[in-house]
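# Commentary on secondary and tertiary structure
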Amino acid sequence: MSASEISDDLFGPKAKPVKVLFPLPLFTAYDYLPPFESGAEIGRFVRAPFGPREIFGVIWPKGEADPAPAATLKTIVEILPGPGLSPELIDFIAWTARYTMSPLGSVLRMVMRSGEVLSEPSKQTGYVLGKNRPARMTPQREAVFSAVGPTPMTASTLAAKAGVSGGVVRGLAETDALRAVEIDPDPPFPPPDLSRKGHDLSDDQICAVGKISTHIKAGSHAAILIDGVTGSGKTEVYLEAVAEVLAKDKDAQALILIPEIALTLPFLKRVEERFGAAPAPWHSDLTSAARRRTWRRVADASARLVVGARSALFLPFQNLKLIIVDEEHDAAYKQGDGVIYHARDLSVARGARAGFPVVLASATPSLETVVNIDEGRYEAVGLPSRFAGATMPDISLIDMRETPAEQGRWLSPPLVDAVNQTLTAGEQSLLFLNRRGYAPLTLCRRCGHKMTAPNSDTMLVEHRFENRLVCHHTGFTMPKPSACPACHAVDSLAPCGPGVERVADEATARWPDAAIKILSSDTAWSASAMREILEAMHAGEIDILIATQVAAKGHHFPNLTLVGVVDADLGIAGGDLRAAERTYQLLSQVTGRAGRDVKPGRALLQTYQTTSPVLEALVSGERDNFLAVEAQSRKQLGFPPYGRLGAILLRGRDEQALRESAEAHRAAIPPADGVEVWGPAPAPIYRLRGEARIRFLVKARRNIDVQRFIKAWISRVKVKGSVRRVVDIDPYSFL
Ligand code: ADP
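Residues numbered from 1 in each chain as written. Predicted model: local features only at pLDDT ≥ 70, side-chain atom pairs only at ≥ 80, totals over all residues. Heavy atoms only, no water.

## Observations regarding the sheet that holds strand 17 (residues 394-399)
The strand order across the open sheet formed by six strands is 17-27-26-18-25-24, and the pairing between neighbours is parallel. Looking along the sheet, the strands with just one partner apiece sit at the ends: strand 17 and strand 24 (516-519). Averaged over all pairs of adjacent strands, the angle between their axes in this sheet comes to 20°, without regard to strand direction. Sheet topology note: the strand 18 (residues 428-432)/strand 26 (residues 560-565) ladder contains five bridges and is parallel. Opposite L431, over in strand 26, you have G564 as the bridge partner. Running over the sheet, helix 13 (residues 413-424) touches strand 17, strand 18, strand 25 (544-547), strand 26 and strand 27 (602-607) and is turned about 160° from strand 27. Across the sheet, helix 16 (residues 579-591) lies against strand 17, strand 18, strand 26 and strand 27, angled at about 150° from strand 26, the strand it touches most. (Pairing = 2+ DSSP bridges. Helix = DSSP H or I, 4+ residues; strand = E, 2+ residues; numbered from the N terminus. Axes fitted to C-alpha atoms, helices over the stretch in contact; angles between N-to-C directions. Contact = heavy atoms within 4.5 Å.)

This is how it looks when you write it as structure tokens:
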């Protein structure tokens, strides 16, 4: 008989230690004693002492190589009621931590957040109509009676709706004219009505749905791309797949990822029309109450359909059975700090591990996805033409060497003519320039000094509306100075080059009677400001919209027939391996806004590089040829998707220490067949927020485990003092 069995006999059975993982940058879970014998199941949320505090964590599976727990252990304070994390999600968290080389606890933090979602929200009182009519009626009281509805509203909401003070509402409640009821602070989302039919599908759509459906029926994993031009009906197809998954299993949950918050509201509305119920939303613009509601309702599995940005992938789904990644090529799916991950790639990996289909949709699929299809790992279904016969826009180039814009202006005569014709026809134009602000560079005419952010090598961009200079990398802003900070010459700072605000100045001067608006993330800084402009554009109230890429994606403006790209060369020479691909995707999306309805559209691209393969492909519509050329050059260089990349960034304020650390890293590079390490090299933006930055790039053959190589390498070098090391697997940014 062992010692523990003896003590069990004498004092009753003793609870066995369990592992608890906390949402902190920790690589392992810790041993704790559960408060009771039962209930400490894996996945349950707990509150436990950690250092001087008590914090929320999760009971975690034991690892095979874990050492035996210590003799004296702290005890879990509380096991929270309600469902915890599903085994599928625990597996996904562990896999993500390994893949991204991040601490396990940091990945858990993406799921649990700081734990605020776990605290019981305070109850609220709401009001509905009561039994009595008040003896004395006043206009304010009348207003409350017309505002009150079947769904309980808090006193402040009801008062605001009626346009009266809260006192009027409370007064009515005292006389039983209103009845107080308890409001659920996290009301459940109404279930989707799965008996509702979508549109009658075209033959191509039926065929696409059929392919996805095969995997849904079989309950098997596949990554399937819906490949179709903008407006070909991809959304309609994947909503059918969502309907099928939710109908097949009454507990199933589905997730639709979309890249851009600006798209969420119209998209939520569309989903609501399809299913007769709004899905649960998830993005950074939600209030904390709305965020808690979605989180808790996903966790208790009552929210069956979630529409969200990339981080929605880390919501606590109980029974996730389908993920849709709309606009799968979009760079917004890459999260660049904290745990660095790509939500499309993680979605596919999650579906593969858990055995459910993942549907990708794009008009301009990423080369990664195209190669995965060519090599048989992903499937593809095509929607070759626009729905209901709407035609693709006619795309042509304007050679800026032959027909330049006038001095100090940005629109060439052919583009000006085209806008004139569009205005005459009573149709809308979109002038696209992917540059926020007034001018990308502010330069002293006297001494040539370039305005940069403090302690950074990033340019300050003039924003004329606010009369400020803004750094788009660090967020630093300052009022535009009246004198050059270097030579003190007064009024010598000159804007160089155009941003959307400057093009808008030109447009307003040329077309004083036209309704002109700017749309960019800083002229419409809130989701509602952006929505207003998008709705006005949709309703035909704007003649000329001057916009950055926020207008490029997803929107459907029926009367938009002209897209003018002010600088089609911007981005092509980006010096990063995906520059051409990204430019192609963006321009093809923005030109795809023209003529989406009955009226045919056209797009004019201003360029100095008429022979650029990207622009030639856009004009000829030969997307696949362009991709083939891109693929060939990546293959030759061994770049993704034909090879693997990992980046290591070292940063710190102490440059001497940073250089020493870079040298120590260089000296520790393990020799390995099929792996090249480039660097150390100063990062293109060397100084950022006062820190200097040095990069390494690991390039490996595709069959090599880059993570293992990097782990072996960095475990040989300790980072000391102020130096920080960031590992980025499959990097997208090289700045
Ligand atoms: P995509 O996602 O490829 O851009 P959408 O699914 O948004 O395309 O479809 C483009 C437009 O055509 C939308 O207004 C959509 O409602 C409409 N549409 C698509 N499929 C059908 C269909 N089968 N019947 C009627 N309208 C459809």
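## Digging into unusual backbone geometry
Along the chain, P640 connects to P641 via a cis peptide bond; the corresponding omega equals 5°. Here the amide bond leading from G679 into P680 is cis, since omega sits at 5°, within 30 degrees of zero. Relative to the assigned elements, P680 resides in strand 29 (residues 675-688). Non-glycine residue N455 carries a positive phi angle of around 55°. Examined against the element boundaries, N455 turns out to sit in the loop between strand 19 (441-444) and strand 20 (460-463). Judged by its relative accessible area of 52%, N455 falls in the exposed class. With phi around 50°, R689 is a residue other than glycine that occupies positive phi space. Here R689 shows up in the loop between strand 29 and strand 30 (691-701). (Buried < 20%, exposed > 50% of the residue type's maximum accessible area, 1.4 Å probe, protein only.)

## What to know about the packing of helix 5 (residues 155-162) against helix 6 (residues 166-174)
Two numbers describe how helix 5 lies on helix 6: the axes approach to 8 Å, and their chain directions differ by 115°. The interaxial crossing formed by helix 5 with helix 6 has right-handed handedness. Between helix 5 and helix 6, the residues in contact are A155, L158 and A159 and G166, V169 and R170, respectively. Class assignment for the residues of the contact of helix 5 with helix 6 results in four nonpolar, one polar and one charged. (Left-handed = near helix turned anticlockwise from the far one by under 90°. Nonpolar A, V, L, I, M, F, W, Y, C, P; charged D, E, K, R; others polar.)

## Observations regarding the packing of aromatic side chains
Inspection of the entire model under this criterion finds 11 aromatic pairs. Where W95 meets Y99, the ring centres are 5.0 Å apart and the plane angle is 20°; that geometry is what we call stacked. Highlighted residues: W95 and Y99, both in helix 2 (residues 87-100), separated by four residues, approximately one helical turn. Here F709 and W713 contribute two aromatic rings whose centre-to-centre distance is 6.2 Å and whose plane-to-plane angle is 55°, an arrangement assigned as tilted. Of the two residues, F709 and W713 are both situated in helix 20 (residues 706-714); the distance of four residues between them amounts to about one turn of the helix. Across the pair, W713 and F709 agree in class, each one buried. Grouping aromatic residues by their ring pairs yields a cluster made of F22, Y30, Y32 and F50. (Phe/Tyr/Trp six-rings, centres within 6.5 Å; stacked < 30°, edge-to-face > 60°.)

## Let's talk about helix 6
Within helix 6, the full set of buried residues consists of V168, V169, L172 and A173. Buried residues of helix 6 fall within an arc of 140° about the axis and therefore sit on the same side. At its buried positions, helix 6 is contacted by strand 6 (124-129), helix 4 (139-147), helix 5 and strand 7 (178-183). Positive backbone phi, at 65°, marks D176, one or two positions downstream of helix 6. (Arc of directions from axis to C-beta.)

## Quick notes on the nonpolar core
Among the nonpolar cores identified, the biggest contains 54 residues, and W60, L85, I93, L255, V306 and I323 are the most heavily contacted of them. Looking at which element gives the most residues to this core, the answer is helix 2, with seven residues. Each of domain 1 (3-118) and domain 3 (203-388) gives at least three residues to this core. Contacts of I93, omitting those with residues within four sequence positions, involve W60, L85, L104, V107, L108 and V111. The next biggest cluster of nonpolar side chains, apart from the first, holds 34 residues, and it includes L430, L534, M537 and A552. (Core = buried A, V, L, I, M, F, W, Y, C linked by side-chain atoms within 4.5 Å. Domains from an automatic or database assignment.)

## A closer look at the pairing of strand 11 (residues 305-308)
Of the two faces of strand 11, the one holding L305 and V307 and the one holding V306 and G308 are both buried throughout. Where strand 9 (residues 253-257) and strand 11 come together, four bridges link them in parallel fashion. Residue pairing across strands places L257 opposite G308, the latter belonging to strand 11. Across three bridges, the pairing between strand 10 (residues 280-282) and strand 11 is parallel. Across the sheet, residue P281 finds its bridge partner in strand 11, namely V307. Remark: the strand 10/helix 10 (residues 288-299)/strand 11 crossover connection has right-handed handedness. (Right-handed = clockwise from strand over helix to strand, strands pointing away.)

## Comments concerning the pattern of salt bridges
The tally for this structure, following the rule as stated, stands at 38 salt bridges. Linking R578 and E368 is a salt bridge whose minimum nitrogen-to-oxygen distance equals 3.0 Å. Taken together, the positions of R578 in the loop between strand 26 and helix 16 and E368 in helix 12 (residues 367-374) put the pair 210 residues apart, joining distant regions of the chain. Across this residue pair, the class does not change: R578 and E368 are buried. Here E462 makes a salt bridge to K480, at a shortest N to O gap of 3.4 Å. (Salt bridge = Lys/Arg side-chain N within 4 Å of Asp/Glu carboxyl O.)

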